[in-house]
Amino acid sequence: MGLEDIKRRISAAEQAAGRAPGSVTLIAVSKVQPAARVEAVLTAGHTVFGENYVQEAQDKWPAWRRHFPGVSVHMIGPLQSNKAKPAVQLFDTIHTLDRMTLARKLAQQVDEQGRTPQLFVQVNTGDEPQKAGILADELPGFLASCHELALAPQGLMCIPPEGLDPVPHFRLLRQLANDNGLQNLSMGMSADFEAAIAEGATHVRVGSAIFGARDYAGTE
Ligand SMILES: *Cc1c(COP(=O)(O)O)cnc(C)c1O
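Residues numbered from 1 in each chain as written. Predicted model: local features only at pLDDT ≥ 70, side-chain atom pairs only at ≥ 80, totals over all residues. Heavy atoms only, no water.

Caption draft 1: Looking closely at the overall build of the protein chain. Counting secondary structure elements, the protein chain contains 9 helices and 8 strands. Compactness check: the protein chain gives a C-alpha radius of gyration of 17 Å against a globular reference of 17 Å for 220 residues, within 12% of the reference. Viewed in the frame of its principal axes, the protein chain has a C-alpha envelope of about 45 × 40 × 35 Å. When the 220 residues of the protein chain are sorted by exposure, 49% land in the buried category. A separation threshold of at least 6 residues defines the contact pool for the protein chain, and within that pool the share at least 24 residues apart is 58%. (Helix = DSSP H or I, 4+ residues; strand = E, 2+ residues; numbered from the N terminus. Rg over C-alpha atoms; globule rule 2.2 N^0.38 Å. Buried < 20%, exposed > 50% of the residue type's maximum accessible area, 1.4 Å probe, protein only. Contact = heavy atoms within 4.5 Å.)

Structural data, given as structure tokens:
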């Protein structure tokens, strides 16, 4: 388990960037990991986890939440509009608000359930045709439409293009957050969370560096 090592590296990166200790939230990305690995991290006292799939999260987290009170679960994977209901039931934070159809469904569920997960808007910083996310140019209009639905996103999230330097993407996300008055930045994964912290990340999403490699073939 690499939890302690990652926490130390986050503290060092906060300090190096002149940021307040504890200003970065570590989301331990537990998707597809064997239960024993996740339970070790829960037992070590970590309370913030990330999942990519609604069904998998529904299967795993209700029981763990009962045993480990105070845990929060963040949705970081693509969210189908028809999963808005369980998503609003399950997740404390959703990082992947990326289109109006989903915004409408989430707004409807927030209204019906009286439960409001914290929201991040996913931005397609690399303008990649195959990738989810709002384009930078369209962000102000999208945020305005969210507000009309009484949704109040509090941050932005990005997944930089594979194989490219992520730093320009982190900088763009930070600039967009500043321009739009948003406080939170969900950026940085196992390979680049320190660079993301240097650029202002408030939430880093770290999976394999904590839990070890994911074995998709062996999914329970
Ligand atoms: C899986 C995943 C992560 C974690 O990736 P690692 O490289 O294992 O740290 C972070 N963010 C998103 C959106 C993911 O899907």
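Caption draft 2: Summary view of the environment of Asn180. Relative to the helices and strands, Asn180 resides in the loop between α7 (167-179) and β7 (184-186). For the pair Asn180 and Leu139, spaced 41 residues apart in the sequence, the C-alpha separation amounts to 8.5 Å. Sequence-distant contacts of Asn180, that is, excluding residues within four places in its chain, are made with Leu139, Pro140 and Leu143. A distance of 2.8 Å separates a polar side-chain atom of Asn180 from the backbone oxygen of Leu176. (Polar contact = N/O pair within 3.5 Å; in protein donor to acceptor, adjacent residues only side chain to side chain.)

Caption draft 3: Looking closely at helix α3 (residues 54-67). Between its terminal C-alpha atoms α3 stretches 20 Å, which fits the 20 Å expected from 14 residues at 1.5 Å a residue. Bending of α3 peaks at approximately 35° at the position of Trp61, with proline Pro62 no more than four residues after it. Considered for burial, the residues of α3 that qualify are Val54, Glu56, Ala57, Lys60, Trp61 and Trp64. Where the residues of α3 are buried, they touch α2 (35-43), β2 (48-51), β3 (72-75) and α4 (84-90). (Expected span 1.5 Å × (residues − 1). Bend = angle between axes of the 7 residues up to and from the residue.)

Caption draft 4: Examining the pairing of β3 more closely. Of the two faces of β3, the one lined by Ser72 and His74 and the one lined by Val73 and Met75 are each fully buried. Looking at chain direction, β2 and β3 are connected through 4 bridges and run parallel. If you follow Phe49 over to β3, its bridge partner there is Val73. In the classification by handedness, the crossover that spans β2, the intervening α3 and the parallel β3 is right-handed. Bridge count for β3 against strand β4 (residues 93-97) is 2 bridges, and the pairing is parallel. By the bridge assignment for β4, Met75 is matched with Ile94. A crossover connection joins β3 to the parallel β4 through α4; in handedness this β-α-β unit is right-handed. (Pairing = 2+ DSSP bridges. Right-handed = clockwise from strand over helix to strand, strands pointing away.)

Caption draft 5: How the structure looks around the site of the ligand. Taken together, 13 residues form the shell around the ligand, and within it Lys31, Ser190, Gly207, Ser208 and Arg214 come nearest. Between the ligand and the protein, one listed contact pairs an oxygen atom with a side-chain N or O atom of Ser190 at 2.5 Å. In the model, an oxygen atom of the ligand is placed 2.8 Å from a nitrogen or oxygen of the Arg214 side chain. In the complex, the protein chains occlude 89% of the 390 Å² of accessible area that the ligand would expose alone. (Near = heavy atom within 4 Å. Areas by Shrake-Rupley, 256 points an atom, 1.4 Å probe, with all protein chains shown as cover.)

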